[in-house]
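Residues per chain are reported as follows:
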Amino acid sequence: MSHVLAITLNPALDLSIGVDQLVPGTLHRARNAATVAAGKGHNVACVLAALGHDVTVAGFLGDENDGAHARLFAAHGLVDRCTRIAGATRTNVKIGEADGRVSDVNTPGAIVNDTDWQAFMATLDDALAQAPAAVVLAGSLAPGIAPARIGDIVQRCHTYEVPVWLDTSGAALAAGVAAGCAWVKPNACELAEWAGVALADEAELLTAAHDMQAAGGAHVIVSRGGERLYACHAGQLWVVTPPRVAVANTVCAGDSLLAGLLHGQLSGQATDEALRFACALAAEAVRHVGVGRADAPDFSDLQAQVCLETTPHGAVATAREPSP
Ligand SMILES: O=P(O)(O)OC[C@H]1O[C@](O)(CO)[C@@H](O)[C@@H]1O
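Procedures and definitions
- Residues numbered from 1 in each chain as written.
- Predicted model: local features only at pLDDT ≥ 70, side-chain atom pairs only at ≥ 80, totals over all residues.
- Heavy atoms only, no water.
- UniProt positions renumbered as here; feature names shortened; annotations may be inferred.
- Near = heavy atom within 4 Å.
- Polar contact = N/O pair within 3.5 Å; in protein donor to acceptor, adjacent residues only side chain to side chain.
- Areas by Shrake-Rupley, 256 points an atom, 1.4 Å probe, with all protein chains shown as cover.
- Helix = DSSP H or I, 4+ residues; strand = E, 2+ residues; numbered from the N terminus.
- Nonpolar A, V, L, I, M, F, W, Y, C, P; charged D, E, K, R; others polar.
- Buried < 20%, exposed > 50% of the residue type's maximum accessible area, 1.4 Å probe, protein only.
- Right-handed = clockwise from strand over helix to strand, strands pointing away.
- Pairing = 2+ DSSP bridges.
- Axes fitted to C-alpha atoms, helices over the stretch in contact; angles between N-to-C directions.
- Parallel < 35°, antiparallel > 145°, perpendicular 65-115°, else oblique.
- Contact = heavy atoms within 4.5 Å.
- Left-handed = near helix turned anticlockwise from the far one by under 90°.

With an unreviewed UniProt entry as reference, the protein chain is termed Phosphofructokinase, source organism Salinisphaera japonica YTM-1. Looking at the Sequence similarities (unreviewed entry) heading of the UniProt record, one finds this comment for the protein chain: "Belongs to the carbohydrate kinase PfkB family."

### Things to note about the site of the ligand
In the vicinity of the ligand lie 13 residues, with D14, K40, N92, S140 and D255 positioned nearest. At 2.8 Å from an oxygen atom of the ligand is found a main-chain nitrogen or oxygen belonging to S140. Between an oxygen atom of the ligand and a main-chain N or O atom of V251, the distance comes to 3.4 Å. Surface burial for the ligand is 91%, taken as the share of its 400 Å² of free accessible area covered by protein chains. Of all the secondary structure elements, the ones that give two or more residues to the shell around the ligand are α1 (40–50) and β7 (90–96). Tallying contributions element by element places β7 first for the shell around the ligand, with 3 residues. Taken together, the residues that form the shell around the ligand break down as 2 nonpolar, 6 polar and 5 charged.

### So, the pairing of strand β10 (residues 164–167)
Consecutive side chains along a regular strand alternate between the two faces of the sheet. Burial along β10 is two-sided: V164 and L166 facing one way and W165 and D167 facing the other are all buried. Handedness of the crossover joining strand β9 (residues 134–138) and β10 through helix α4 (residues 148–159): right-handed. In the sheet, β10 pairs with strand β11 (residues 181–184) via 2 bridges, with the strands oriented parallel. Counted as the bridge partner of W165 is W183 from β11.

### Description of the packing of helix α5 (residues 170–179) against helix α6 (residues 188–195)
Where α5 meets α6, the closest approach of the two axes is 9 Å, and the angle between their N-to-C directions is 75°. Taken together, α5 and α6 sit at an angle that is classed as roughly perpendicular. Taking contact as the criterion, the partners of G170, L173, A174 and V177 in α5 are, on α6, E190, E193 and W194. Partitioned by chemical class, the residues of the contact of α5 with α6 number 4 nonpolar, 1 polar and 2 charged.

### Concerning the packing of helix α8 (residues 253–266) against helix α9 (residues 271–285)
Axis angle and axis distance: for two packed helices, these are the angle between their axes and the distance between the axes, and together they describe the pair. Interhelical geometry of α8 versus α9 gives an angle of 155° and a closest axis separation of 7 Å. Put simply, α8 runs roughly antiparallel to α9. Of the two elements, α8 crosses α9, and the hand of that crossing is right-handed. Across the interface between the two elements, A253, S256, L257, G260, L261, H263, G264 and Q265 from α8 touch A274, L275, F277, A278, C279, L281, A282 and A285 from α9. Of the residues that constitute the contact of α8 with α9, the class distribution is 11 nonpolar, 5 polar and no charged.

Rendered as structure tokens:
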């Protein structure tokens, strides 16, 4: 198995609250509530560790409340290289309704100053010198981190010849793509924001994905919630239809997808096999709070239910609905 460095520049404590139905402006009595240590890179790290990889985590954690993250890292055997900063790691609120819909309120996070940044970059150099097989750079930027710094991280990874898997949004996504990443995982909204246009249909979405490849994302996978997703990889367009599952909580689906795909690549799986595994892992994740589990008893069935189609890049406009 491989060694991976997972970077989360703005981690969070996720406070998940279950209500029957969210009615803005009214009092809700929650059915349940739980707080877990999270953040996109950390979630990816947990999945990869469960799949047998050796994972180091880096980024920032507030020194006032790092206990939950430290316990998470210990429980998953993650090597903790996170830079402690003054203040508290943010809490993000996830309100889940009985029908599986989730409303997210993601807060800004503790401020990262220049000294914190220099400390982080020194740690990054150290971690890259250990020759990880890949770097995952995922999530939003904490206040104080300029988007251009994503480009600095990617460049530093190039110096050590380590491929970067990027999952972020807005100006940080643009900076990361421009610096050149191995894989980029925008969702459809993030891709539209990057392209600067509303993506009215599938053809426009695929054009934007190919533009992202041309701009520096060598391979691009576009996630679309429970709908079929698209992967532009090695001259092919892959159209992947997920299995239908009862949706309980969608929060970690994208992180599970990215981790599953990276696991497939690191394990030498063929593209179709890796996409099938990743898509099944994302579907498994939405059945409960938290990341997808490949040890779920019906995981092979989920994999078998993933529908894959492929066409050459030139045929993007004709990507079809899967056969019934
Ligand atoms: O960094 P962002 O984009 O605010 O996203 C953070 C959120 O994303 C998640 O990692 C899920 O993808 C949550 O655990 C977390 O609250």
